[in-house]
Amino acid sequence: DPNSIIAVMPGVYTESVTIPVTAPPNCMLVGLGYNQFWPSVVAAAAATDAITLSARGWTVAKLRVTGGTASAGIRLYEYADPGYQGAETLIEEVFFDGAYRALYGLEFEGAPGMVTVRNCRFSEHNNAGNTAFAVKETATPRQNAYECEFLDNWFFENDNHVQGGFGVTRFVGNHFCAGKLIPAIVKLDLRGGTVGENTVTGNLFEGDYSNAGGYYANAANPGSWVGNIAEDTAEAEVADNGFTIAIPAP
């Protein structure tokens, strides 16, 4: 029924969970436990996601998820254009554990809109080709996830952190680490899509604040990147006090 709560008991579940578009809207999938004792959902095979979600208005919370070597921890799947499948999802306090195997942490396949990702951890998305991503938007059937929010998330030890064609989306309070064991190549890349006009503020940017350092605004409609903290005060786009005053440059 709509507004149902599905409680997941502590444990490790090696399976691939699919929540189809025909599922009731506005339900919650929530783990029972605390931090390291959250239930874990691990993809059952290389090409299957741990959780595939196409229903509207769901909440996923307090889980640890690990995708396969060719799949995602959570895939929001919009398979029709426009279909709005996977839209209005809230993902909160989820540990996206790449475990040195998962291709993606959170994948937007298509453009599920009005998605909020809050207080999540993304780490150890790594493969031999360094093509793994913590968050990745793939373009089938379209690529402009609209009016989303990424709030207070931590991205560390990934090949790449975030890449997608997000439009009119807020990135606030996130920590983008340069990486120690796994140096991040792309940290925040918003060049994809045609909408742009994103708001990027209040984030902590480690490393080189430039395109070469893995930071890219949308080229046509860059939006605002003012008010972040960047350690690279040598850049003209960063004030002496460490606050960003312009979009990252080449």
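Summarised in this report is the structure supplied together with it. (Residues numbered from 1 in each chain as written. Predicted model: local features only at pLDDT ≥ 70, side-chain atom pairs only at ≥ 80, totals over all residues. Heavy atoms only, no water.)

**Some points on the nonpolar core**
Thinking step 1. With 46 residues, the main nonpolar core has Ile74, Leu106, Phe108 and Leu188 as its most contacted residues.
Thinking step 2. Counting residues per element, the ones that place at least two in this core are β6 (51–53), β9 (72–77), β12 (104–109) and β15 (133–138).
Thinking step 3. In this structure Ile74 touches Ile51, Val60, Val65, Ile91, Val94, Phe96, Gly105, Leu106 and Glu107, once residues within four positions along its chain are discounted.
Thinking step 4. Ranked by size, the runner-up nonpolar core spans five residues in total, among them Ala72, Leu103, Tyr104 and Phe133. (Core = buried A, V, L, I, M, F, W, Y, C linked by side-chain atoms within 4.5 Å. Buried < 20%, exposed > 50% of the residue type's maximum accessible area, 1.4 Å probe, protein only. Helix = DSSP H or I, 4+ residues; strand = E, 2+ residues; numbered from the N terminus. Contact = heavy atoms within 4.5 Å.)

**Observations concerning the pairing of strand β21 (residues 186–189)**
Thinking step 1. Sheet topology places strand β18 (residues 160–163) next to β21; three bridges connect them, and they run parallel. Each bridged residue has a counterpart across the sheet, and for Asn160 the counterpart in β21 is Val186.
Thinking step 2. Sheet topology note: the β21/strand β24 (residues 215–216) ladder contains two bridges and is parallel. Its bridge partner being in β24, Asp189 is matched across the sheet by Tyr216. (Pairing = 2+ DSSP bridges.)

**As for unusual backbone geometry**
Thinking step 1. For Glu157, which is not glycine, the phi torsion reads 55° and is therefore positive.
Thinking step 2. Residue position: Glu157 is located in the loop between β17 (154–156) and β18.
Thinking step 3. Take Glu157: its relative accessible area is 14%, and that puts it in the buried class.
Thinking step 4. Even without a glycine there, the phi angle at Val168 is positive, about 45°.

**Details of the side chain of Asn218**
Thinking step 1. Counting through the fold element by element, Asn218 comes out in the loop between β24 and β25 (229–230).
Thinking step 2. Separated by 3.3 Å, the side chain of Asn218 and the backbone oxygen of Gly192 make a polar contact.
Thinking step 3. Among the polar contacts listed, one links the side chain of Asn218 to the backbone nitrogen of Asn221, at a separation of 2.9 Å.
Thinking step 4. Once residues within four sequence positions are removed from consideration, Asn218 is found in contact with Leu190, Arg191, Gly192, Gly193 and Gly196. (Polar contact = N/O pair within 3.5 Å; in protein donor to acceptor, adjacent residues only side chain to side chain.)

**Some points on the pairing of β12**
Thinking step 1. Counting buried residues along β12, six of its six residues qualify, which places the element largely inside the surrounding structure.
Thinking step 2. Direction of pairing for β9 relative to β12: parallel, over a ladder of five bridges. Bridged to Tyr77 within β12 is Glu109.
Thinking step 3. In this structure, β12 lies alongside β15, joined through five bridges in parallel fashion. Pairing of Tyr104 across the sheet is with Phe133, part of β15.

**As for a nonpolar patch on the surface**
Thinking step 1. On the surface, Leu204, Ile229 and Phe243 cluster together to form a nonpolar patch covering roughly 220 Å² of accessible area.
Thinking step 2. Structurally, the position occupied by Phe243 is in the segment after β25.
Thinking step 3. A relative accessible area of 38% means that Phe243 is categorised as partly exposed. (Patch = residues over 30% accessible without salt bridge, like charges linked within 9 Å, V, L, I, M, F, W, Y side chains within 5 Å. Areas by Shrake-Rupley, 256 points an atom, 1.4 Å probe, with all protein chains shown as cover. Salt bridge = Lys/Arg side-chain N within 4 Å of Asp/Glu carboxyl O.)

**A word on the side chain of Asp97**
Thinking step 1. Mapped onto the elements, Asp97 comes out in strand β11 (residues 95–97).
Thinking step 2. The exposure class of Asp97 is buried, given its relative accessible area of 13%.
Thinking step 3. Those residues in contact with Asp97 that sit more than four places away from it in its chain are Arg64, Val65, Thr66, Ser123, Glu124 and His125.

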